[in-house]
Amino acid sequence: MKFALSFFSILALIIAGTLFFQYHAYSSDLETGGGDFHYSQEIEMVYRENSLDIRQHFKNLPDQKVNIKWPEKAVNPSCFIENEKSCNRLSEELSYFAKGETKSQSVSYIIPIEGGLKNKMLLQNIFATLTNGEASYSIVHISTDSKVQGQWVTGLPLVGQQQLSLVNYTMFSGYGAVHDIYWQAGGLALQEQTSVLSIYAQQAIPNDFLQALKNIQFLSDEHIAIIQDKSPVTAHDDRLLFLPALTPEAVEQEVILSQIKSQFTFEDAPEWLPEVVASYLVNDVIGTDKAKKIIQTLNEYMTANQQQAWQDTLKNMSDEPITPATMDNHLSQVLNAKTSYFTLNAAQKNGTYPLLFEDASKVYVDGIQREDVRVILYEGQKLYTADTLLPYLGYSAGEGDHGYYVNSENRTFRFPLNHGFYVFNQRRYSTISEPIIKIADRYYVEETWLQRLFLVDLQKKDQQIQVISQEQQ
């Protein structure tokens, strides 16, 4: 009984200590501005004299220090006095809002536009943001002189616009943040708006196109603005899309890819990798020919249960960077077989690499582990990467004019591919199977032929393959 009381006393102390340190860390975050939070904002913009005068109202601020990140081009940042408390948390150097109970704070600044507004102008990262904060809702008001004719576009839904005697007024409102705004003179106008899309074009949109939009399965409800333009802007945030032609296929592909790039983090990823992930998440094949070929290969191999498991895995990858290597790790788990399918395809510039499975054993050559030697299983054969293994056995190896050449001081080989023979020291030998096999752009040596032609013994145990030169026995 005494032991039990002592045990629970110690346990209580550990829990109390843990809670203390967690609270201390939490309090420290509040003081230093390290805690994550959400806020809403209302932005008033007035275009005059080649600049944007901006008033930005931050609302629902947390009771913690909040660091302010001003736009690089901002000049004259200051407090905007809307009421007696609208700046009571703003520091003297204008770098942060201090910890406090006031929920709303207002600032103002100017964004110069050299030469004034120009047709098809994209203004990027012109708003102040809050470190560790995420805007959950934004309202944007834009006013210009009545003589300035054109269309403003943000990624938010357009609430309305009005031409008055002195000014033209436009209002946007919706969930999420806004980073970039676009201006175009002329006849660009909002032609259609849904809960997910605003479509701006010069001409009205056909009804069959609008009907096709209803059948598209998008990945999120975050609003996106699509601008039809024959010369699309290439660099923009993920809430603006520029398309040269409006087709259901183009809208589906570009919107879904934009959404997936905002939801997932891709690192060192080729163009087709986000397309592969997106295709599985929407149950529709989209993207380049390479993406489609990769999806076809996987679907032809996978069972229905594996396809479902693969799709579920991709849905849960939003919390980790997606690379070809991480895709291979997850695919290997789903298929219960090691593969480097995505990594090999990332390195394959032309065409696609086949789906191959690997022996996970570590390879040792004469007692030294060689990590660059891979062993794969292909059509019932076990193959070793020839380019990496044979040099460790004292041979030079590489592709030549008439096949694959392997040479040492006393032994020379030539392997014409798919010809049913090989040449050893100037003598020709017929074969039933191929000693050297080329798969995509890599050469492999078959295991039995490796032992027979290159005079090695293989010892296998404990997830290790020992390749031992006979001369060293």
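In this report, the structure presented in the accompanying data block is examined. Source: prediction; values computed, not measured.

### Focus on the packing of helix 4 (residues 272-282) against helix 5 (residues 289-301)
Geometry of a packed helix pair, given as the angle between the helix axes and the separation of the axes.
Step number 1: Orientation of helix 4 relative to helix 5, taken along the N-to-C sense of each, is 50°, at an axis distance of 9 Å. Here helix 4 is positioned oblique relative to helix 5, judged by the angle of their axes. The handedness of the crossing between helix 4 and helix 5 comes out as right-handed. Mapping the contact onto sequence places Trp272, Glu275, Val276, Ser279 and Tyr280 in helix 4 and Lys290, Ala291, Ile294, Ile295, Leu298 and Asn299 in helix 5.
Step number 2: Each residue belonging to the contact of helix 4 with helix 5 can be placed in one class, and the counts come to 7 nonpolar, 2 polar and 2 charged.

### Concerning the packing of aromatic side chains
Step number 1: Considering all chains together, one arrives at 23 aromatic pairs under this definition.
Step number 2: Relative to Phe97, the ring of Phe58 has its centre 5.9 Å away and its plane inclined at 65°; by these criteria the two rings are edge-to-face. Of this pair, Phe58 sits in strand 2 (residues 51-59) while Phe97 sits in strand 5 (residues 96-97), and the two are 39 residues apart along the sequence.
Step number 3: Of the residues examined, Phe58 reaches a relative accessible area of 0% and is grouped as buried.
Step number 4: Considering the side-chain rings of Tyr422 and Trp449, the 5.8 Å spacing of their centres and the 75° angle between planes classify their relative orientation as edge-to-face. With a gap of 27 residues between them, Tyr422 in strand 26 (residues 421-424) and Trp449 in helix 10 (residues 447-454) connect regions that are remote in the sequence. For the pair Tyr422 and Trp449, a shared accessibility class is recorded, and that class is buried.
Step number 5: An aromatic cluster is built from Tyr395, Phe413, Phe415, Tyr422, Phe424, Tyr429, Trp449 and Phe454, whose rings are joined through pairwise contacts.
Step number 6: Of note, Arg428 hangs over the ring of Phe421, and the distance from its end group to the ring centre comes to 3.7 Å.

### A word on helix 6 (residues 304-315)
Step number 1: For helix 6, with 12 residues, the first-to-last C-alpha span of 17 Å sits near the 16 Å given by 1.5 Å per residue.
Step number 2: The set of residues buried in helix 6 consists of Gln306, Trp310, Gln311, Thr313 and Leu314. For helix 6, the arc enclosing every buried residue in end-on projection is 160°, short of the 170-degree limit, so these residues lie on one face. Across from the buried face of helix 6, at angles greater than 90 degrees, the exposed residues are Ala304 and Asn305.
Step number 3: Contact partners of the buried residues in helix 6: helix 4, helix 5, helix 7 (324-335) and helix 8 (341-347).

### Looking at the state of the cysteines
Step number 1: Scanning the entire structure with this criterion turns up 1 disulfide.
Step number 2: Across a sulfur-sulfur distance of 1.7 Å, Cys79 and Cys87 are joined as a disulfide pair. One quick way to see it: the torsion about the S-S bond of Cys79 and Cys87 is about 90°, and its sign makes the bridge right-handed.
Step number 3: Cys79 gets classed as partly exposed once you look at its relative accessible area, which sits at 28%.
Step number 4: Judged by relative accessible area, which is 17%, Cys87 ranks as buried.

### Observations concerning the environment of Gln348
Step number 1: Counting through the fold element by element, Gln348 comes out in the loop between helix 8 and strand 18 (357-358).
Step number 2: The class of Gln348 is buried, set by a relative accessible area of 11%.
Step number 3: Taking C-alpha positions, Gln348 is 7.9 Å from Asp441, a pair spaced 93 residues apart along the chain.
Step number 4: The residues contacting Gln348, other than those within four sequence positions of it, are Lys290, Tyr353, Ala440 and Asp441.
Step number 5: In this structure the side chain of Gln348 is engaged in a polar contact, spanning 3.0 Å, whose partner is the backbone oxygen of Asn350.

So, how was this worked out
- Residues numbered from 1 in each chain as written.
- Predicted model: local features only at pLDDT ≥ 70, side-chain atom pairs only at ≥ 80, totals over all residues.
- Heavy atoms only, no water.
- Axes fitted to C-alpha atoms, helices over the stretch in contact; angles between N-to-C directions.
- Helix = DSSP H or I, 4+ residues; strand = E, 2+ residues; numbered from the N terminus.
- Parallel < 35°, antiparallel > 145°, perpendicular 65-115°, else oblique.
- Left-handed = near helix turned anticlockwise from the far one by under 90°.
- Contact = heavy atoms within 4.5 Å.
- Nonpolar A, V, L, I, M, F, W, Y, C, P; charged D, E, K, R; others polar.
- Phe/Tyr/Trp six-rings, centres within 6.5 Å; stacked < 30°, edge-to-face > 60°.
- Buried < 20%, exposed > 50% of the residue type's maximum accessible area, 1.4 Å probe, protein only.
- Lys NZ or Arg CZ within 6 Å of the ring centre and 35° of its normal.
- Expected span 1.5 Å × (residues − 1).
- Arc of directions from axis to C-beta.
- Disulfide = S-S within 2.5 Å.
- Polar contact = N/O pair within 3.5 Å; in protein donor to acceptor, adjacent residues only side chain to side chain.

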